[in-house]
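# Breakdown of the fold
Chain by chain, the residues:
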Amino acid sequence: MSFDGYDLIVVGSGFFGLTVAERAATQLNKRVLVLDRREHIGGNAYSEAEPETGIEVHRYGAHLFHTSNKRVWDYVNQFTDFTDYQHRVFTIFQGRVFPMPVNLATICEYFGEYLTPDQAKALVAEQAGEIDTKEAANLEEKAISLIGRPLYEAFVRGYTAKQWQTDPKNLPAAIISRLPVRYNFNNRYFNDTYEGLPVDGYTAWLEKMAEHENIEVRLGVDFFDVRDQLPEGAPIVFTGALDRYFDYSEGALSWRTLDFEQEVLPIGDFQGTPVMNYADEDVTYTRIHEFRHFHPEREYPTDKTVVVREFSRFAEEKDEPYYPINTAEDRAKLEKYRELAKQEAKQRKVLFGGRLGTYKYLDMHMAIGSALSMFDNRIAPYFTEGRSLDGSLED
């Protein structure tokens with residue numbers, strides 16, 4: 001397997017990696033090699049048609065595109081058109097359905113009476129006054145100080161316990177900085193200016209990003225198996241796990257992972273909405289996705305549907321990392337890894353990006369925006385101005 005003749009190596013074919021590759025290929029006319037250990041393009045955004053029904057399923061959990069960054073929006077529209085989908089979520093608690101995030105409809109439904117915005121604000125403030133936010137010693141106390149005990153126990157306690165496999169009383173208060181409450185009937189989940197789903201699906205969008213003749217994508221290739229064969233001098237953009245790159249020299253960073261249980265049901269509609277959360281702690285999954293509802297414009301079968309139950313737990317060594325846990329111990333390790341990463345940029349021309357490479361949870365639009373910034377501030381100046389990848393002038 002030859003790796004010669006490439007100007008840039010990108011490890012990982014998710015949105016971060018493909019954005020860097022596309023920019024380098026189209027804007028700088030550089031030859032880019034993209035490596036991915038998986039057998040498909042796109043990282044966790046990969047989607048595929050379920051064979052029996054043809055319904056597009058997001059293999060690694062629902063991906064919902066939204067942004068208020070016009071540059072990102074303009075950029076992604078080069079590769080796909082978007083539907084007018086707007087995400088709305090509901091949650092089941094003790095057999096009743098409520099809109100999420102908590103809004104005036106949620107409050108009125110939960111307390112069983114119509115409340116004006118001012119009445120609802122006063123009620124929540126009174127209930128939240130039980131605990132001073134500044135004195136909150138754990139997640140439970142912090143949440144109660146923000147939204148009051150009744151709403152916390154209904155919509156936060158059980159869901160959080162399942163997400164973290166831990167009683168909220170034993171979780172640090174710092175995990176939540178705020179819990180949004182809307183005192184109107186707006187139940188749109190995101191507040192961003194732009195929102196939608198790719199008309200032809202995520203995989204078609206991702207493949208379009210990689211189709212330039214200067215880009216070669218090699219799947220099923222683990223960077224760590226071939227790193228010694230890569231050409232010396234070619235810059236590398238690494239979007240894999242930061243701690244893995246440095247062989248866990250500062251210790252393993254902790255993550256939460258997700259498990260998915262997919263089922264085809266012999267009915268046309270299981271829950272009437274794309275995502276239903278389950279707030280009760282005795283229901284083991286956190287939510288159910290019904291993917292037909294993400295694309296109501298498509299002609300899917302009327303007698304079958306696909307549902308995916310989602311479970312959350314702490315990631316073990318072989319699990320796919322999804323959400324950084326970011327404990328104090330993790331942050332201390334991360335600072336050490338960041339110092340190593342700075343040295344690697346200077347000495348070996350390696351840049352780290354994406355969710356895994358930075359140990360940050362990044363929505364798709366954030367990953368793309370971050371990749372565009374890396375290209376502007378690091379990669380383009382390296383090729384056009386002779387700067388080093390850390391931004392300084394080459395010696």
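Residues numbered from 1 in each chain as written. Predicted model: local features only at pLDDT ≥ 70, side-chain atom pairs only at ≥ 80, totals over all residues. Heavy atoms only, no water.

### Considerations on the UniProt feature "domain: UDP-galactopyranose mutase C-terminal" (unreviewed entry) in the protein chain
Here, UniProt's "domain: UDP-galactopyranose mutase C-terminal" (unreviewed entry) annotation points to residues 154–361. Helix makes up 25% of residues 154–361 and strand 22%, with an end-to-end C-alpha separation of 26 Å. (UniProt positions renumbered as here; feature names shortened; annotations may be inferred. Helix = DSSP H or I, 4+ residues; strand = E, 2+ residues; numbered from the N terminus.)

### With respect to the sheet that holds strand β15 (residues 323–324)
Read from one edge to the other, the open sheet built from seven strands follows the order β7-β6-β12-β13-β14-β11-β15, with strand pairing classed as mixed. Pairing within the sheet leaves two strands with one partner each, and these edge strands are β7 (96–100) and β15. In this sheet, β7 lies alongside strand β6 (residues 89–93) in antiparallel orientation, the contact comprising five bridges. Its bridge partner being in β7, T91 is matched across the sheet by F98. Packed onto the sheet, helix α3 (residues 104–111) meets β6 and β7 and runs at close to 155 degrees relative to β7. Relative to strand β14 (residues 305–314), helix α7 (residues 157–164) is tilted by about 75 degrees, and along the sheet it contacts β11 (255–265), β12 (275–278), β13 (287–290) and β14. (Pairing = 2+ DSSP bridges. Contact = heavy atoms within 4.5 Å. Axes fitted to C-alpha atoms, helices over the stretch in contact; angles between N-to-C directions.)

### What to know about the sheet that holds strand β2 (residues 32–36)
The strand order across the open sheet formed by five strands is β9-β2-β1-β10-β16, and the pairing between neighbours is parallel. Looking at strand neighbours, the two that pair on one side only are β9 (215–219) and β16 (350–352), the edges of this open sheet. Going across the sheet, the axis of each strand differs from the next one's by a mean of 20 degrees, ignoring polarity. With three bridges connecting them, strand β10 (residues 236–238) and β16 associate as parallel partners. By the bridge assignment for β16, V237 is matched with L351. Against the sheet, helix α1 (residues 15–28) makes contact with β1 (8–11), β2, β9 and β10, and its axis sits at roughly 165 degrees relative to β1, the strand it touches most. Where helix α13 (residues 364–385) meets the sheet, it contacts β1, β10 and β16, and its direction lies at approximately 170 degrees from that of β16.

### So, the pairing of β11
Of the pairings in the sheet, the one linking β11 to β15 comprises two bridges and is antiparallel in character. Pairing of R256 across the sheet is with Y323, part of β15. In this sheet, β14 lies alongside β11 in antiparallel orientation, the contact comprising 10 bridges. From the neighbouring strand, L265 faces β14, where its bridge partner is T305.

### Digging into the environment of Y245
Note that Y245 resides in helix α10 (residues 242–245). Given the relative accessible area of 7%, Y245 is considered buried. The spatial distance from the C-alpha of Y245 to the C-alpha of N69 is 31 Å, given a sequence separation of 176 residues. Apart from residues no more than four positions distant in its own chain, Y245 is found in contact with F223, F224, R227, F238, E344, V350 and F352. (Buried < 20%, exposed > 50% of the residue type's maximum accessible area, 1.4 Å probe, protein only.)

### Side note on the packing of α1 against α13
Between α1 and α13, whose axes approach to 8 Å, the crossing angle comes to 40 degrees. Accordingly, the angle class assigned to the pair α1 and α13 is oblique. In this structure, the crossing between α1 and α13 has a hand that is right-handed. Contact with α1, carried on its side by F15, F16, T19, V20, R23, A24, Q27 and L28, involves M364, A367, I368, S370, A371, L372, M374, F375, I379, A380, F383 and T384 of α13 and no other residues of that element. (Parallel < 35°, antiparallel > 145°, perpendicular 65-115°, else oblique. Left-handed = near helix turned anticlockwise from the far one by under 90°.)

### Notes on the nonpolar core
Membership of the largest hydrophobic core comes to 84 residues, with the highest contact counts inside it found for F15, F65, V76, W205 and I368. Here this core spans two domains, since at least three of its residues come from each of domain 1 (8–82 + 196–250 + 326–385) and domain 2 (100–175). One finds L8, F16, A25 and V237 within the second-largest nonpolar core, a separate group that totals 21 residues. (Core = buried A, V, L, I, M, F, W, Y, C linked by side-chain atoms within 4.5 Å. Domains from an automatic or database assignment.)

### Let's talk about the side chain of T166
Summarising the element assignment, T166 is placed in the loop between α7 and β8 (194–196). A polar side-chain atom of T166 sits 2.8 Å from the main-chain carbonyl oxygen of W164. Excluding its chain neighbours within four sequence positions, the residues that come into contact with T166 are T160, A161, L171 and F314. (Polar contact = N/O pair within 3.5 Å; in protein donor to acceptor, adjacent residues only side chain to side chain.)

### Overview of the environment of F90
Within the element layout of this structure, F90 appears in strand β6. Residue classification places F90 among the partly exposed positions, given a relative accessible area of 23%. Each C-alpha atom, one on F90 and one on G158, is 15 Å from the other, the two residues being 68 residues apart in sequence. Excluding residues that lie within four positions of it along the chain, F90 makes contacts with V97, F98, P99, M100, N187, T273, V275, M276 and N277.

### What about the domain arrangement of the protein chain?
What the domain assignment lists for the protein chain is domain 1 (8–82 + 196–250 + 326–385) and domain 2 (100–175). When each unit is reduced to the centre of its C-alpha atoms, the spacing between domain 1 and domain 2 is 37 Å.

### Observations regarding unusual backbone geometry
Cis rather than trans, the peptide bond between M100 and P101 has omega equal to -5 degrees. Within the element layout of this structure, P101 appears in the loop between β7 and α3. Although it is not a glycine, D247 sits at a positive phi angle of roughly 55 degrees. Notably, K349 is not glycine yet its phi reads approximately 60 degrees, a positive angle. Tracing the chain through its elements places K349 in the loop between α11 (328–348) and β16. You can call K349 partly exposed: its relative accessible area is 25%.

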